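Residues per chain, in single letters:
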Amino acid sequence: MDPRVNIIDKRLEKIKKIIAVSGGKGGIGKSTVAATSALILSKAGYKTGLLDLDFWGPSAHVILGAGDVYPEEEKGIIPPDIHGIKFMSVVYYAGDRPLPLRKAGFTQAAIEILAVTQWGPLDFLIIDMPPGMADATLDVIRMIKKVTFCVIAIPSKVVLETVNKTLKMLKELGTPVIGIIENMSVEKFSVKEKVKTFDMPFLGEIEFDPKLEETIGDAAGLLKTDFAKSMSKIIENTDAFRSKRTG
Amino acid sequence: MHEWALAEAVISTASKAAREQGLGEITEIKIKLGQLQQIEADIFEFALKEIVQAQKPLFENVKIQLQEEKVVLKCRACGYEWMFGDNMKELDHERSEAIHFVPETAHAYIRCPECGSPDFEILKGRGVWIDSITGE
């Protein structure tokens, strides 16, 4: 039998809130929302962790400009501090090489990282999820009992089709969803209107910010963007992003 | 030492088994150490002993058996099956460390010797595995 699954609860027991940033499709801004949220929460005085579970295309380290700091080994793995965030990613082990994992390999690697990472006390752990609603989502729901989902949508009928399916699945599995964030919003198409039929809270919208790309890799610059300002507003107005601060 | 976290997982699993099966004492735990993860058996055993010390009387007389398991990989593309043990020495420190922490990163570093594919299955010898937990 695999002993690792039995220690995951203990590894996460001192984390107050775990929010998986998800959405059915790729390229909708999950990683940018996840990394920016973690930066905003950390700046607000919350002890925050960020776990990049997108093993096929990890990118949170690029957004944060994580640099050459690496995890330390101490009764497990201690995530490095990146701009005040405890950050963990498979990129520390696979580097810039592609990691062609099948489903079983993804699950094994996720269990390993969850079993050996010593997060310590955190107010928030933000999880940057890979695209899709199958393996990673099901694994996270199975292994992380207190996970909640924050679903990202963009103004696209194609994306909303999948978002709707993701939400239906999460609902069917009884997994808490804190709500939907509309990213890259444009005037002509309102996700807010469309999601009314999804029976989920709409947390807010983030307008398409043409200057965002210039700040990728520059955390301080990223926090000054309109994108981050919109995200801050969403965080301020959402109960799920509030917690008693850990001293 | 990263081995500690895995040792803790083993003891946690044995404690859970004891609770579920109403065992007053765990007498033996048989563990396989897959060579791909290159767990240091001495360090792992030390960690296990330290952890059980704190959990008497459940583990007062526990015997812990460690058995190394060779790595067997099978290519999904061409079907070739091979033992990886000897090739382990060919991995440089960085690759070896990466696989030690997350064995699935083997897919970033190891290729099928027949067809060069990274799409292989780890049939045996991945990492820490509990063969059996005995108690009374």
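Look up: the structure comes first, before these words.
Residues numbered from 1 in each chain as written. Chains lettered and ligands numbered in written order. Predicted model: local features only at pLDDT ≥ 70, side-chain atom pairs only at ≥ 80, totals over all residues.

1. Regarding the overall build of chain A
Here is step 1 of the chain: Of the regular secondary structure elements, chain A holds ten helices and ten strands.
Here is step 2 of the chain: Relative to the compact-globule value of 18 Å for 247 residues, chain A shows a C-alpha radius of gyration of 17 Å, a close match.
Here is step 3 of the chain: The C-alpha extent of chain A, read off along each of the three principal axes, is 50 × 40 × 40 Å.
Here is step 4 of the chain: Classification of the 247 residues of chain A by burial places 53% in the buried group.
Here is step 5 of the chain: Across chain A, every contact between residues at least 6 apart in sequence was considered, and the portion connecting residues at least 24 apart equals 74%. (Helix = DSSP H or I, 4+ residues; strand = E, 2+ residues; numbered from the N terminus. Rg over C-alpha atoms; globule rule 2.2 N^0.38 Å. Buried ≥ 20, exposed ≤ 12 C-beta atoms within 10 Å, placed from the backbone. Contact = placed C-beta atoms within 7 Å.)

2. Details of the nonpolar core
Here is step 1 of the chain: Core analysis: the biggest nonpolar cluster contains 120 residues, and Val21, Ile127 and Ala153 of chain A together with Val10 of chain B have the highest contact counts within it.
Here is step 2 of the chain: Once residues within four sequence positions are removed from consideration, alanine 153 of chain A is found in contact with Gly23, Ile28, Val159, Leu160, Val163, Ile180, Glu182, Val191 and Val195 of chain A. (Core = buried A, V, L, I, M, F, W, Y, C linked by C-beta atoms within 7 Å.)

3. Points about the sheet that holds strand β8 (residues 147-153) of chain A
Residues and elements named next belong to chain A.
Here is step 1 of the chain: Pairing is mixed in the open sheet, where eight strands are placed in the order β5-β6-β2-β7-β1-β8-β9-β10. Both edges of this open sheet fall to β5 (81-82) and β10 (202-207), since each of them pairs with a single strand only.
Here is step 2 of the chain: In this sheet, β8 lies alongside strand β1 (residues 15-22) in parallel orientation, the contact comprising five bridges. Residue isoleucine 18 lies in a different strand from β8, and its bridge partner there is valine 147.
Here is step 3 of the chain: Lying over the sheet, helix α2 (residues 30-43) contacts β1, β2 (48-52), β6 (85-89), β7 (122-128), β8 and β9 (177-185), oriented at roughly 165 degrees with respect to β7. (Pairing = 2+ DSSP bridges. Axes fitted to C-alpha atoms, helices over the stretch in contact; angles between N-to-C directions.)

4. A short note on the environment of valine 91 of chain A
All names here are of chain A.
Here is step 1 of the chain: Topologically, valine 91 is positioned in helix α4 (residues 91-94).
Here is step 2 of the chain: Each C-alpha atom, one on valine 91 and one on alanine 60, is 9.6 Å from the other, the two residues being 31 residues apart in sequence.
Here is step 3 of the chain: The contact partners of valine 91, leaving out residues within four places of it in the chain, are Pro58 and His61.

5. A few points about the environment of alanine 115 of chain A
Here is step 1 of the chain: In this structure, alanine 115 of chain A sits in helix α5 (residues 103-116).
Here is step 2 of the chain: In the structure, alanine 115 of chain A is positioned 112 residues away from proline 3 of chain A in sequence and 9.2 Å away in space, judged by C-alpha atoms.

6. Focus: helix α3 (residues 93-101) of chain B
Helical periodicity: at 3.6 residues per turn, an α-helix aligns residues three or four positions apart in one direction.
Here is step 1 of the chain: Looking at α3 of chain B, one finds that the buried residues are Arg95, Ala98, Ile99, His100 and Phe101 of chain B.
Here is step 2 of the chain: The inward-facing, buried residues of α3 of chain B contact β4 (77-78) and α4 of chain A together with α4 (106-109) of chain B.

7. Structural notes on the sheet that holds strand β1 (residues 26-34) of chain B
Residue and element names in this part refer to chain B.
Here is step 1 of the chain: With mixed pairing, three strands are arranged side by side in an open sheet as β2-β1-β6. A single partner strand is all that each edge strand has here, and the edge strands are β2 (63-69) and β6 (128-135). For this sheet the average axis-to-axis angle between neighbouring strands, irrespective of direction, equals 15 degrees.
Here is step 2 of the chain: In terms of strand pairing, β1 meets β2 through seven bridges, oriented parallel. Residue pairing in the sheet places isoleucine 31 in a bridge with leucine 66 of β2.

8. Focus on α2 of chain A
Here is step 1 of the chain: The end-to-end C-alpha distance of α2 of chain A is 20 Å, a good match for the 20 Å that 14 residues give at a rise of 1.5 Å each.
Here is step 2 of the chain: Remark: glycine 45 of chain A follows α2 of chain A within two positions and exhibits a positive phi of approximately 95 degrees. (Expected span 1.5 Å × (residues − 1).)

9. Structural notes on the packing of α5 of chain A against helix α6 (residues 135-143) of chain A
Residues and elements named next belong to chain A.
Here is step 1 of the chain: The N-to-C vectors of α5 and α6 enclose an angle of 35 degrees; their axes lie 10 Å apart at closest approach. For the element pair α5 and α6, the recorded crossing hand is right-handed. Here Lys103, Phe106, Thr107, Ala110, Ile111 and Leu114 of α5 lie close against α6, whose contacting residues are Asp135, Ala136, Asp139 and Met143.
Here is step 2 of the chain: Tallied by class, the residues present in the contact of α5 with α6 amount to six nonpolar, one polar and three charged. (Left-handed = near helix turned anticlockwise from the far one by under 90°. Nonpolar A, V, L, I, M, F, W, Y, C, P; charged D, E, K, R; others polar.)

10. Quick notes on the interface of chain B and chain A
In many reports, interface size means the accessible area that the parts give up when they come together.
Here is step 1 of the chain: On the chain A side, the residues contacting the 24 residues of chain B number 26 residues.
Here is step 2 of the chain: Of all elements in the fold, only α1 (3-21), α3, α4 and β6 of chain B reach the threshold of two or more residues within the side of chain B that touches chain A.
Here is step 3 of the chain: Counting residues per element, the side of chain B that touches chain A draws most heavily on α1 of chain B, which supplies nine residues.
Here is step 4 of the chain: Here the residues of the side of chain B that touches chain A are counted per class, giving 15 nonpolar, five polar and four charged.

11. Focus: the packing of α1 of chain B against helix α2 (residues 41-53) of chain B
Helix packing for two helices is described by the angle between their axes and how far apart those axes are.
Residue and element names in this part refer to chain B.
Here is step 1 of the chain: Contact geometry for α1 and α2: axes closest at 9 Å, N-to-C directions at 50 degrees. Taken together, α1 and α2 sit at an angle that is classed as oblique. Crossing handedness for the pair α1 and α2: right-handed. Contacts between α1 and α2 involve Glu3, Trp4, Ala7, Glu8, Val10 and Ile11 from the first element and Ile43, Phe44, Ala47, Leu48, Ile51 and Val52 from the second.
Here is step 2 of the chain: A breakdown of the residues in the contact of α1 with α2 according to their chemical character gives ten nonpolar, no polar and two charged. (Parallel < 35°, antiparallel > 145°, perpendicular 65-115°, else oblique.)

12. Observations concerning the pairing of β1 of chain B
Remark: a regular strand shows side chains that alternate across the two faces of the sheet.
Residue and element names in this part refer to chain B.
Here is step 1 of the chain: Both β1 and β6 contribute to a ladder of seven bridges, which runs antiparallel. The residue bridging isoleucine 26 from the neighbouring strand is glycine 135, located in β6.
Here is step 2 of the chain: Tracing the backbone out of β1, into α2 and back to the parallel element β2 gives a crossover that is right-handed. (Right-handed = clockwise from strand over helix to strand, strands pointing away.)

These figures come from the coordinates and say nothing about function on their own.
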